[in-house]
Amino acid sequence: CRMERTFIAIKPDGVQRGLISEIVSRFERKGYKLVAIKLVVPSKQFAEKHYHDLKERPFFNGLCDFLSSGPVLAMVWEGEGVIKYGRKLIGATDPSKSEPGTIRGDLAVVVGRNIIHGSDGPETAKDEIALWFQPKELVSYTSNEEKWIYG
Ligand code: DAT
Ligand code: MG
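This structure is a prediction, so every number in the text was calculated from the model and none was measured. (Residues numbered from 1 in each chain as written. Chains lettered and ligands numbered in written order. Predicted model: local features only at pLDDT ≥ 70, side-chain atom pairs only at ≥ 80, totals over all residues. Heavy atoms only, no water.)

Visitor: It is not clear to me how a positive patch on the surface should be interpreted in this structure. Could you clarify?
Guide: A cluster of basic side chains, namely Arg 2, Lys 30, Lys 84 and Lys 88, defines a positive patch on the protein surface. Examined against the element boundaries, Lys 84 turns out to sit in helix H5 (residues 82-90). (Patch = residues over 30% accessible without salt bridge, like charges linked within 9 Å, V, L, I, M, F, W, Y side chains within 5 Å. Areas by Shrake-Rupley, 256 points an atom, 1.4 Å probe, with all protein chains shown as cover. Salt bridge = Lys/Arg side-chain N within 4 Å of Asp/Glu carboxyl O. Lys, Arg positive; Asp, Glu negative; His and termini not counted. Charge placed at Lys NZ, Arg CZ, Asp CG, Glu CD. Helix = DSSP H or I, 4+ residues; strand = E, 2+ residues; numbered from the N terminus.)

Written out as structure tokens, the structure is:
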């Protein structure tokens, strides 16, 4: 069983553009389970922590200013293979190269406003969930659909 959790966030552009329900519904309809969700405005310092891997990149400062510029919808989604397949649902980093049918391919145009974040592997998923959520904010429950999704 590859049951795992990933950190997904709708960035300020996605929130401001009214894309919350559109994006949440794609994860929900796929069959993944929502285990945590909150709307937050991260500080610049918090954004720098979230994107610490990119601190040497020329766009780092602008990226952190942007992430902290407005509400972010932070979520944790659970399911078999959700880390890797969640990235597939999201699409390539640069929306001009994302496939149609993906979130970025369908809903975004430029890399600096690509509307959504998703953890890129098991280690980052663990770190990002711990950065954005306290353990008690992760809700454990049984979904009635599980037996129909996993058999
Ligand atoms: P992803 O969000 O697909 O994991 P990433 O981790 O490489 O991509 O970069 C994080 C964010 O930084 C990305 O969603 C948008 C921004 N970014 C990446 N490359 C960029 C670039 N060349 N110019 C401007 N912003 C960029
Ligand atoms: Mg990344």
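There is more to say after this.
Visitor: What is the right way to look at the UniProt feature "binding site: ATP" (unreviewed entry) in the protein in this model?
Guide: Taking the UniProt record as the reference, the feature "binding site: ATP" (unreviewed entry) is found at Lys 11, Phe 59, Arg 87, Thr 93, Arg 104 and Asn 114. Set against the largest pocket, the annotated residues that line it come down to Lys 11, Phe 59, Arg 87, Thr 93, Arg 104 and Asn 114. When you line up the elements, Asn 114 lands in the loop between helix H6 (103-107) and strand S4 (116-118). If sequence neighbours within four positions are ignored, Asn 114 has contacts with Lys 11, Asp 13, Thr 93, Pro 95, Arg 104 and Ala 108. (UniProt positions renumbered as here; feature names shortened; annotations may be inferred. 1 Å grid on protein atoms, 1.4 Å probe; cavity = no way out; pocket = protein on both sides within 12 Å on 5 of 7 lines; lining within 4 Å. Contact = heavy atoms within 4.5 Å.)

Visitor: What exactly am I supposed to notice about the environment of Ile 90 here?
Guide: Positionally, Ile 90 belongs in helix H5. Residues Ile 90 and Ile 116 lie 26 residues apart in sequence; the distance between their C-alpha atoms is 7.3 Å. Leaving out residues up to four positions away in the same chain, Ile 90 has contacts with Ile 8, Phe 27, Thr 102, Ile 103, Arg 104, Ile 116, His 117 and Gly 118.

Visitor: Would you take a moment to explain helix H2 (residues 20-30) for this structure?
Guide: Owing to its 3.6 residues per turn, the α-helix aligns residues three or four sequence positions apart on the same side. All of the buried residues along H2 are Ile 23, Val 24, Ser 25, Arg 26 and Phe 27. Of the surrounding secondary structure, the elements contacted by the buried residues of H2 are strand S1 (3-10), strand S3 (72-80), H5, H6 and S4. Positive backbone phi, at 120°, marks Gly 31, one or two positions downstream of H2. (Buried < 20%, exposed > 50% of the residue type's maximum accessible area, 1.4 Å probe, protein only.)

Visitor: Please explain the sheet that holds S1 as it appears in this structure.
Guide: Strand pairing in a sheet relies on backbone hydrogen bonds. The paired strands run either parallel or antiparallel. Taken together, four strands build an open sheet; the order of strands is S2-S3-S1-S4 and the sheet is antiparallel. The two strands at the open ends of the sheet, each matched to only one other strand, are strand S2 (33-40) and S4. Each strand axis lies, on average, 20° off the axis of its neighbour in the sheet, ignoring direction. Relative to S3, S2 is paired through seven bridges, and the arrangement is antiparallel. Across the sheet, the residue bridging to Leu 39 is Leu 73, located in S3. Lying over the sheet, H5 contacts S1, S3 and S4, oriented at roughly 35° with respect to S1. (Pairing = 2+ DSSP bridges. Axes fitted to C-alpha atoms, helices over the stretch in contact; angles between N-to-C directions.)

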